[in-house]
Amino acid sequence: MQVFDHVVDLVGDTPLVRLTPGIERTSAQVLGKLEYLNPGGSVKDRVALTMVAAAEESGLLRPGGTIIEPTSGNTGVGLALVAARRGYHCVFTMPDKISEEKRAVLRAYGAEVVVCPTAVPPDDPRSYYETARRLVRETPGGWSPDQYSNPHNPAAHVASTGPEIWRATDGRVTHFVAGIGTGGTISGVGRYLKDVSDGAVQIIGADPEGSVYSGGSGRPYLVEGVGEDIWPTTYDKTVVDRVEAVSDRDSFLMTRELARRCGLLVGGSCGLAVVAALRVARELGPDGVVVVLLPDSGRGYLSKIFNDEWMYEYGFLEPPAEGPTVGDAL
Ligand code: PMP
């Protein structure tokens, strides 16, 4: 019988799927790595696994312990999955601007969600960062992975994501493109691919316009999960050859195209990364093999990116001209 003991055993080994010529005809190949096929629905399952395993090994996390992290999304789901297997309790703090749907997902996995005010500075004791810190101090057996400073975040990608890409392309990958949030993905995959190719593989970051990684000041943008206003220690800029800044509009329009033309219902940071990947691919000949990492599913963004009204409201799409349309009752 081919049976897995636990859903956590299904993390990783995600496939590469051709995005060209479906999304655009380029002479280089562009291949998407589908991280939404991880059991928790995102690339963060990998990171949750390695961070928890390392904390168990070093004794920071013991049986019956509590995992506490300020997170509103993918990292929380990954941690909740791993916690379910090992019997840990999870507490996630998040700002009150996060949708009820995202809180519901984490509660469904059995986690406790503490909602904190958004409109306070990060060092205010009521902020979701400070609340998490206080809970770690006050909770016996409490441990925080702190994905922005934990070296096991990039290490997860040195151990699994990087080798998977090298193996699946038979060592023919020439360029790797990923969005930068904590920087764990690009730093870990980048380090592995640089090492294994003697520096030949080019590493390209995709960053929302306004974020610090592409020279911005941290001004706001709407793409979720990527971009920062601070430089986390998990980001190793020495392995990154180039960073492409991409607008919210271009990111979201590409995200919608990926669903319609390639059947890939993915999140906004995927559209962002594909815009950057196509810029790179257009410069290359037929030997170019560009791998772009697609971090999560579009299911979490149905009320935003895939909602026409929301797209009109922000000016990302033009509302249709007045007059009856096919769907209207006449
Ligand atoms: N996209 C999404 C949707 C994410 O949740 C994350 C993780 N913050 C990223 C991209 C970026 O990944 P990383 O933190 O490894 O840079």
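Shown above is the structure to which this text applies.
The numbering scheme is per chain: residues are counted from 1 as the chain's sequence reads. With pLDDT at 70 or above as the cut-off, local features in this predicted model cover only qualifying residues; side-chain atom pairs require 80 or more to be listed or tallied, and sums for whole chains, interfaces and linings still use all residues.

Two elements in contact, helix H1 (residues 44–58) and helix H2 (residues 74–86), have axes whose closest approach is 8 Å; the angle formed by their N-to-C orientations is 50°. Relative to H2, the element H1 is oriented oblique. Helix-helix and strand crossings are classified by hand; for H1 and H2 the assignment is right-handed. Judged by residue contacts, Lys44, Asp45, Val47, Ala48, Leu49 and Val52 of H1 engage Asn74, Thr75, Gly78, Leu79, Leu81 and Val82 from H2. Under the convention adopted here, Pro, Cys and the residues Ala, Val, Leu, Ile, Met, Phe, Trp and Tyr are nonpolar, Asp, Glu, Lys and Arg are charged, and Gly plus all remaining residues are polar. Across the contact of H1 with H2, the residue classes tally to seven nonpolar, three polar and two charged. Throughout, an axis means a line fitted to C-alpha atoms (over the contacting stretch in the case of helices), and angles, computed between N-to-C directions, take values from 0 to 180 degrees. Numbering of helices and strands starts at the N terminus; helices are DSSP runs of H or I of at least 4 residues and strands are runs of E of at least 2. In these notes the angle categories are as follows: under 35 degrees is roughly parallel, over 145 is roughly antiparallel, 65 to 115 is roughly perpendicular, and the rest is oblique. A clockwise turn of the near helix away from the far one marks a right-handed crossing, whereas an anticlockwise turn of less than a right angle marks a left-handed crossing. Two residues qualify as being in contact provided that their C-beta atoms, derived from the backbone, are within 7 Å of each other.

For strand S8 (residues 202–208), a buried count of seven out of seven residues is recorded, marking the element as mostly surrounded by other parts of the structure. Burial along S8 is two-sided: Gln202, Ile204, Ala206 and Pro208 facing one way and Ile203, Gly205 and Asp207 facing the other are all buried. Pairing between two strands is assigned when DSSP locates at least 2 bridges connecting them. Across five bridges, the pairing between strand S7 (residues 175–179) and S8 is parallel. Residue Val177 lies in a different strand from S8, and its bridge partner there is Ile204. Assignment of crossover handedness uses the view with strands pointing away from the viewer, where a clockwise path from the first strand over the helix to the second indicates a right-handed crossover. Handedness of the crossover is the feature at issue here: the chain leaves S7, passes through helix H6 (residues 184–196), returns alongside S8, and the resulting connection is right-handed. Looking at chain direction, S8 and strand S9 (residues 242–246) are connected through five bridges and run parallel. By the bridge assignment, Ile204 is partnered in S9 with Arg242. Three classes are used. A residue is buried when 20 or more other C-beta atoms lie within 10 Å of its own, exposed when 12 or fewer do, and partly exposed in between, with C-beta atoms placed from the backbone.

With that settled, consider the sheet that holds strand S3 (residues 66–70). A sheet is described by the order of its strands in space; here four strands give the open sequence S5-S4-S3-S6, paired in parallel fashion. Where the open sheet ends on each side, the last strands, each with one partner, are strand S5 (112–116) and strand S6 (142–143). Judged from the five bridges that link them, strand S4 (residues 89–95) and S5 form a sheet pairing that is parallel. Residue pairing across strands places Val91 opposite Glu112, the latter belonging to S5. Contacts from helix H4 (residues 128–138) reach S3, S4, S5 and S6 within the one sheet, and its direction differs from that of S3 by about 160°.

Our next topic: unusual backbone geometry. Residue Thr20 is joined to Pro21 through a cis peptide bond whose omega torsion reads 5°. One can find Pro21 in the loop between strand S1 (16–18) and strand S2 (29–34). For Asp13, which is not a glycine, the phi torsion comes out positive at approximately 55°. Here Asp13 shows up in the segment before S1. Residue class for Asp13 comes out exposed when judged on the 11 C-beta atoms lying within 10 Å of it. The phi dihedral of Asp198 is positive, around 55°, even though this residue is not glycine.

A separate point is the site of the ligand. Whether a residue is near a molecule or strand depends on its C-beta atom, placed from the backbone, lying within 6 Å of it. If you check the shell around the ligand, you find 16 residues, and the closest are Gly181, Thr182, Thr185, Gly225 and Ser269. Looking at the shell around the ligand, its residues break down into three nonpolar, 11 polar and two charged.

Now for the nonpolar core. The biggest cluster of nonpolar side chains holds 51 residues, and the ones touching the most others in it are Val177, Ala273, Val274, Ala277 and Val290. At 10 residues, the largest contribution of residues to this core is made by helix H8 (residues 268–281). Those residues in contact with Val290 that lie beyond four places of it in its chain are Ala28, Gln29, Val30, Leu31, Thr174, His175, Val177, Ala277, Val280 and Ala281. The next biggest cluster of nonpolar side chains, apart from the first, holds 30 residues, and it includes Met51, Ile68, Leu79 and Ala156. The term nonpolar core refers to a set of buried Ala, Val, Leu, Ile, Met, Phe, Trp, Tyr and Cys residues connected through C-beta atoms within 7 Å.

In terms of burial, S3 is largely enclosed, as four of its five residues are buried. Examined bridge by bridge, S3 and S4 share five bridges and lie parallel to one another. Across the sheet, the residue bridging to Pro70 is Thr93, located in S4. Tracing the backbone out of S3, into H2 and back to the parallel element S4 gives a crossover that is right-handed. In terms of strand pairing, S3 meets S6 through two bridges, oriented parallel. Opposite Thr66, over in S6, you have Gly142 as the bridge partner.

No statement about biological role is implied by the geometric values presented.
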